[in-house]
There are 2 protein chains.
Amino acid sequence: MAEDSRPDSTDRADAFQDFYPDDYAHCFGCGRLNEKGLKIKSYWDGDEAVCRFLPKDYYTGGMKTILYGGIIASLIDCHGAGMAAAAKARELGIQVAPGNMPRFVTAAIKVDYLAPTPVGVELELRSSVKEIKGRKIVVHVTVSSGVTLFAQGEEIYVQLRDEKP
Amino acid sequence: MAEDSRPDSTDRADAFQDFYPDDYAHCFGCGRLNEKGLKIKSYWDGDEAVCRFLPKDYYTGGMKTILYGGIIASLIDCHGAGMAAAAKARELGIQVAPGNMPRFVTAAIKVDYLAPTPVGVELELRSSVKEIKGRKIVVHVTVSSGVTLFAQGEEIYVQLRDEKP
């Protein structure tokens, strides 16, 4: 990947989540229309997707210095759902544009917390598709900073029925 | 359970989370010292623990009418962690008091989303201990309202090393 194509949530307009239809853009984690939400953004990076996110300092776990596991699960969920939608669009050959991104819901999520995640650190989430079969997509997500892997997740997403399989 | 002992987060002072030591009371999900947090509360109900919680209306999923899966995972995580701590205290015969509740961290969480969860509904979380072995406790949690089961979780918690096993 060329240095100038480095994914960066601050200056790009092609986040997966920005292409969700309006009625599906209210997610607290990633909806562009949820004013109180986290508004996470995910982008293609080859066959992977990447998201960079710096959680607010009040998302602490029990201890003040450690990030809350619930926010890690939330980031994994939304980033993975974006990956599922983008992967389905790519499979179908859809040229994504505002409103035409396929819509998926989470059927299951599993998160392994591998190391305490410090607060105040920008996290990098990377996802890959493990399985894509009709309406069901299994996504693997890692949460890291530099060389430290803090958590990993595996999620099952199911495409909504009003979409083409 | 007698009607007058019905768990209720609004009028009881014996929530598991209120007994965490101060340095472990900053959790966004359940810390009494996190001013921006959810402050969920869990209580014994026989051999189960129960938590009732009405999420704020901005914790929406993609659609405005559906609760965000990330908040469901967060509730399951914190309620289950409280159950792990209380179950360990009960096993050790500890009379819990402010500051002496055992401390656990989440090693893994799995959530199955079984039905769309509406916003504006008070949820009931119920937990039971599946396995307790030294520092490791496996907890099962259900999320429901009335007779409708919306989600279930299974979590692995590990007691911090500065505690007695």
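Small disclaimer: the values here were computed from a predicted structure and weren't measured. (Residues numbered from 1 in each chain as written. Chains lettered and ligands numbered in written order. Predicted model: local features only at pLDDT ≥ 70, side-chain atom pairs only at ≥ 80, totals over all residues. Heavy atoms only, no water.)

## Considerations on the pattern of salt bridges
Part 1 of the argument: Enumeration over the complete set of coordinates arrives at 22 salt bridges over all chains.
Part 2 of the argument: Between A:Arg126 and A:Glu124 there is a salt bridge, with the nearest N and O atoms lying 2.9 Å from each other. A single burial state applies to A:Arg126 and to A:Glu124, both of which are buried.
Part 3 of the argument: Across the salt bridge formed by B:Lys130 and B:Glu154, the nearest N and O atoms sit 2.9 Å from each other. Taken as a pair, B:Lys130 in strand S4 (residues 123-133) and B:Glu154 in strand S6 (residues 148-159) lie far apart in primary sequence, 24 residues in all.
Part 4 of the argument: The class for B:Glu154 is partly exposed, based on a relative accessible area of 33%.
Part 5 of the argument: Overlapping salt bridges bring together A:Asp45, A:Glu48, A:Arg52, A:Glu124 and A:Arg126 as one network. (Salt bridge = Lys/Arg side-chain N within 4 Å of Asp/Glu carboxyl O. Buried < 20%, exposed > 50% of the residue type's maximum accessible area, 1.4 Å probe, protein only. Helix = DSSP H or I, 4+ residues; strand = E, 2+ residues; numbered from the N terminus.)

## So, helix H1 (residues 69-92) of chain B
Note: α-helices contain 3.6 residues per turn, so residues at a spacing of three or four share the same orientation.
All names here are of chain B.
Part 1 of the argument: Across its 24 residues, H1 extends 35 Å between first and last C-alpha, which sits within 8% of the 34 Å expected from 1.5 Å per residue.
Part 2 of the argument: Most of H1 is tucked away: 21 of the 24 residues are buried.
Part 3 of the argument: Downstream of H1 by one or two residues, Gly 93 has phi in the positive range, about 75°. (Expected span 1.5 Å × (residues − 1).)

## Focus on the environment of B:Gly146
Part 1 of the argument: With respect to the helices and strands, the residue B:Gly146 is situated in the loop between strand S5 (136-145) and S6.
Part 2 of the argument: In sequence terms B:Gly146 and B:Ala89 are 57 residues apart; their C-alpha atoms lie 30 Å from each other.

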